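Residues per chain, in single letters:
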Amino acid sequence: MLTRRNTLKAALAASFTMLAGPALAQQMCAVQTVQGQGQLKPEEALALLREGNKRFLSGQTMHCDLLRQVRDTSSGQAPFAAVVGCIDSRVPPELVFDQRIGDIFAARIAGNYVNDDIIGSLEFATQITGAKAIVILGHSECGAIKGAVDDAKLGLLTGVLAQIRPSLAKLNYQGVPSSKDKELVQRVAEQNVRDAMARLTARSEILARRVQDGQLKIAGAMHDVQTGRISWIG
């Protein structure tokens, strides 16, 4: 089995242009190992996610034996990245980044904000299990963002939306905020991603130290639900 994330997923699948051939397919579908994870640099972990979205957009996604991956990961896991995303059914991280069993941790919550429970989970993903990158993944047309903009009240969801409202306040919006303003919704969604990124290192000494030591990269991204394309914030 090749190391360095199977030679960085077979040189990022040869820029996903020459995917034919059983040998390359086997390399692409090989599960993440502790050895490969350890050799992977944080920026390479983000590169794997970027290239995965390119495969997703091109219709050239990996077709792997998932049951074999279940067996191969049954004794342990070594994901290379963690993604915090929204619960929206249109934005499943494993699919839009074209990753498979054992590749990434995925935490999902309405509005993709981070609280101490999420941050603690990310400390486990990185400090204990060795993930090299964290991505906060927002998306367009987010219902939670719209609810926060409208200051909606609904049971326990009220408290969830309250976590997002500060991102709206930072925009110094003039007038009465409305979810009908699509540009405003998008701006709040992007600011919410930035705020979540900042909160990770502000609330966690563990994550802050790993970033400072070059062991971890934190990035933000936005998924377009109309195109499937992911754009990167930082």
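Scroll up to find the structure this text is about.
Residues numbered from 1 in each chain as written. Predicted model: local features only at pLDDT ≥ 70, side-chain atom pairs only at ≥ 80, totals over all residues. Heavy atoms only, no water.

> Any chance you could explain unusual backbone geometry here in plain terms?
What is expected of a backbone is that most residues other than glycine have negative phi and most peptide bonds are trans. Look at D98: it is not a glycine, yet its phi comes out positive at around 50 degrees. With respect to the helices and strands, D98 occurs in the loop between α6 (93-96) and β2 (104-108). Since its relative accessible area comes to 1%, D98 is described here as buried. A positive phi angle is found at N172, which is not glycine, with a value near 50 degrees. Within the element layout of this structure, N172 appears in the loop between α10 (165-169) and α11 (182-203). (Helix = DSSP H or I, 4+ residues; strand = E, 2+ residues; numbered from the N terminus. Buried < 20%, exposed > 50% of the residue type's maximum accessible area, 1.4 Å probe, protein only.)

> Help me understand the nonpolar core in this model?
Among soluble globular proteins, nonpolar side chains are generally buried collectively. The biggest cluster of nonpolar side chains holds 38 residues, and the ones touching the most others in it are V114, L122, I134, I136, I145, V188 and L200. Within the residue set of this core, elements represented by two or more residues are β1 (81-85), β2, α7 (116-128), β3 (133-139), α8 (143-149), α9 (157-162), α11 and β4 (217-223). It is α11 that provides the largest number of residues to this core, a total of eight residues. The contact partners of I145, leaving out residues within four places of it in the chain, are I164, V185, V188, A189 and N192. If you look at the next biggest cluster of nonpolar residues, it comprises 18 residues, including L48, L49, A133 and I230. (Core = buried A, V, L, I, M, F, W, Y, C linked by side-chain atoms within 4.5 Å. Contact = heavy atoms within 4.5 Å.)

> What's the story with the state of the cysteines in this structure? I'm lost.
In protein chemistry, a disulfide is the covalent bond that joins the sulfur atoms of two cysteines. For the structure on display, the rule yields one disulfide. Paired through a disulfide, C29 and C64 show a sulfur-sulfur distance of 2.0 Å. When the S-S torsion is -80 degrees, as for the bridge of C29 with C64, the disulfide is left-handed. With C29 in helix α2 (residues 22-29) and C64 in the loop between α4 (42-58) and α5 (66-72), this residue pair connects regions lying 35 residues apart in the sequence. Counting only cysteine sulfurs, C142 is the nearest neighbor of C86, a cysteine outside any disulfide, at a range of 4.0 Å. (Disulfide = S-S within 2.5 Å.)

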